[in-house]
Amino acid sequence: MKRFAPCLLALVLFQGSPGFLLAQSRPATIKIDSDRVIGEVDPHLFGNFTEHLGRCIYGGIFEEGSPLADENGFRKDVLQAIQGLGVTVLRWPGGNFASGYNWMDGIGPRDQRPARRDDAWGALESNRFGTDEFLKYCERVGAEPYLCINAGLGSVDEARKWVEYCNEPGNTYLAQLRRKNGHDKPWGVKYWGVGNEIDGPWQLGHKNAEDYAKFALEAAKAMRRADESILLIASGSSNFGPDSDWVGWNRTVLDRLKTEIDYISLHTYIGNRDNNFEKFLAVSRDIEDRIAVVEGQIKAARVGNPDARPIHIAFDEWNVWYRTMVSGEYNIGRTGLEEQYNFEDALAMGMFLNAFIRHADVVKMANLAQLVNVIAPIFTNKQGLFLQTIYFPLAEYAKQRGYQSLDVLVQSPEYKPDSGRALSYLDVSSTYDPKTRKVFLNVLNRSEKEDIPAQIGSVSGALSGSANVWELNHSDLKATHTFGNDKVVRPTTKAFNPAMREKGFGYTFPKHSLTILTLQLN
Ligand code: AHR
């Protein structure tokens, strides 16, 4: 992004517009061109993740005997909150939990299911919530299920049989078992993860890239024999530590598995560890660098082969998570990862989603980790729930789904939060609906101190003189929610009739804010 040189013309254009700021402010330019389409925004960018971890499943989405639960044990208040989030795809059962899980433990009459040690998180797993409960839950939520197999301590045969149990229409033993357990028709599970974070030494059954690729190749072959229509997500890099060869991991995985997989996963958790707001919101540089590197690796794996299988990125774990991570390590020992989110974390949701939308041609799935209680936007106790600060941007972005991502020109004042390269204060993504010619402009102002006036214009048809504004802002970056006090950080909305000049208008993005402008192209 180039630094925008203030000029007389810009100052003239700002005058009289509702967002007008004085001349000493540093102006920005945003130019929309509806012909510059990056790619379709896959609805699966608004996915989520539920793991057997802490109170995500038990006491979160599922609480047998609770007055708040329905006949299935599903918490009705939680279901309603999830529907407000617009979750499109739901990953399960882990996470680290998946690498020690045997799906056969979680089917059949609940009272006969074995309780087992969960050695990923040091808990007791009752297995009262299993495959059929999860798939029924996805139906209730209206989300695609995404199952992750055990590529840690599990076997190829277990994976193959899991696909058969879920998807077999015929009269095999496993299809009959599914029928006996209450589901006559195949569940038709389309998305299957071939393991979780197998590159991480913390993972049960951690493997080197070659060993993982050998396992995954055989698993993919066997799972596809059970149902050739399934789509497979390979375990990509999650370990970005200074000593990790994450690029090498992905290279091997893509090279060995390119004929079998449809996605490669990426995971990223971030935190404001040194209490530096602007640096915290600069992590999009790393996120986008990683996406660009993996995109290049995918191209390298496919180059020269016109029939090569399309492969995309599934960013299937992402979030802010650091307060409940002990000494930077996974807290094996069970605080339940119950992060209490604040206002700046809510802004980070916009940063992540802007990055995914800007790479909508290659990032085709993203799953916030996680949905309820465990590093989550929804927080329950036995009496009810409250919505964490991060809930609101997630819900709002999800409403834009189905549109095209636009390559918007942004010239904004820049900053250098560390010794790395400079980046724009305004972090922008845009989506567009060609049928209605509506443009959504998602703008994060990551300046802690300065409002930033911008001139917004279109080079592909004039913008109409009316717009809607959705804004998330708060004077206290650390403002949080809790039970009985969850209205502190809430979005505001307003209609806005900009003074149009030269096909554009001026708008000032307040310091530390996330704004979504809904605009109309004539
Ligand atoms: O989401 C919490 C944990 O983070 C998941 O179990 C694991 O995959 C990741 O390391």
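Look up a bit, the structure's there.
Residues numbered from 1 in each chain as written. Predicted model: local features only at pLDDT ≥ 70, side-chain atom pairs only at ≥ 80, totals over all residues. Heavy atoms only, no water.

Q: Account for the overall build of the protein, with residues named and values stated.
A: What the protein contains, in helices and strands, is 11 helices and 25 strands. Relative to a compact globule of 522 residues, whose C-alpha radius of gyration would be 24 Å, the protein shows 24 Å and is just as compact. The principal-axis extents of the C-alpha atoms in the protein amount to approximately 75 × 60 × 45 Å. A burial count over the protein gives 62% of its 522 residues as buried. Sequence separation of 24 or more characterises 77% of the internal contacts of the protein that already satisfy a separation of 6 or more. Charged side chains of the protein number 59 positive and 64 negative; the gap between the two group centres comes to 3 Å. (Helix = DSSP H or I, 4+ residues; strand = E, 2+ residues; numbered from the N terminus. Rg over C-alpha atoms; globule rule 2.2 N^0.38 Å. Buried < 20%, exposed > 50% of the residue type's maximum accessible area, 1.4 Å probe, protein only. Contact = heavy atoms within 4.5 Å. Lys, Arg positive; Asp, Glu negative; His and termini not counted. Charge placed at Lys NZ, Arg CZ, Asp CG, Glu CD.)

Q: How would you sum up the sheet that holds strand 11 (residues 312-320)? Please name residues and give values.
A: Reading around the circumference, 3-4-7-8-9-10-11-12 is the order of the eight strands in this closed barrel, with parallel pairing throughout. Taking each pair of neighbouring strands and ignoring which way they run, the sheet shows an average axis angle of 30°. In terms of strand pairing, strand 10 (residues 263-270) meets strand 11 through seven bridges, oriented parallel. Looking at strand 11, one finds that histidine 267 is bridged to glutamate 317. On the sheet, helix 6 (residues 209-226) packs against strand 8 (191-194) and strand 9 (231-234) and is oriented at approximately 170° with respect to strand 9. (Pairing = 2+ DSSP bridges. Axes fitted to C-alpha atoms, helices over the stretch in contact; angles between N-to-C directions.)

Q: Can you explain the site of the ligand? Please cite residues and give values.
A: Neighbouring residues of the ligand: 13 residues in total, closest Glu51, Asn96, Glu197, Tyr269 and Glu317. Between glutamate 51 and the ligand, the recorded distance is 2.6 Å, taken from a side-chain N or O atom to an oxygen atom. Glutamine 370 places a side-chain nitrogen or oxygen 3.1 Å from an oxygen atom of the ligand. Within the complex, 100% of the 280 Å² of free accessible area of the ligand lies under protein. Here the residues of the shell around the ligand are counted per class, giving six nonpolar, four polar and three charged. (Near = heavy atom within 4 Å. Polar contact = N/O pair within 3.5 Å; in protein donor to acceptor, adjacent residues only side chain to side chain. Areas by Shrake-Rupley, 256 points an atom, 1.4 Å probe, with all protein chains shown as cover. Nonpolar A, V, L, I, M, F, W, Y, C, P; charged D, E, K, R; others polar.)

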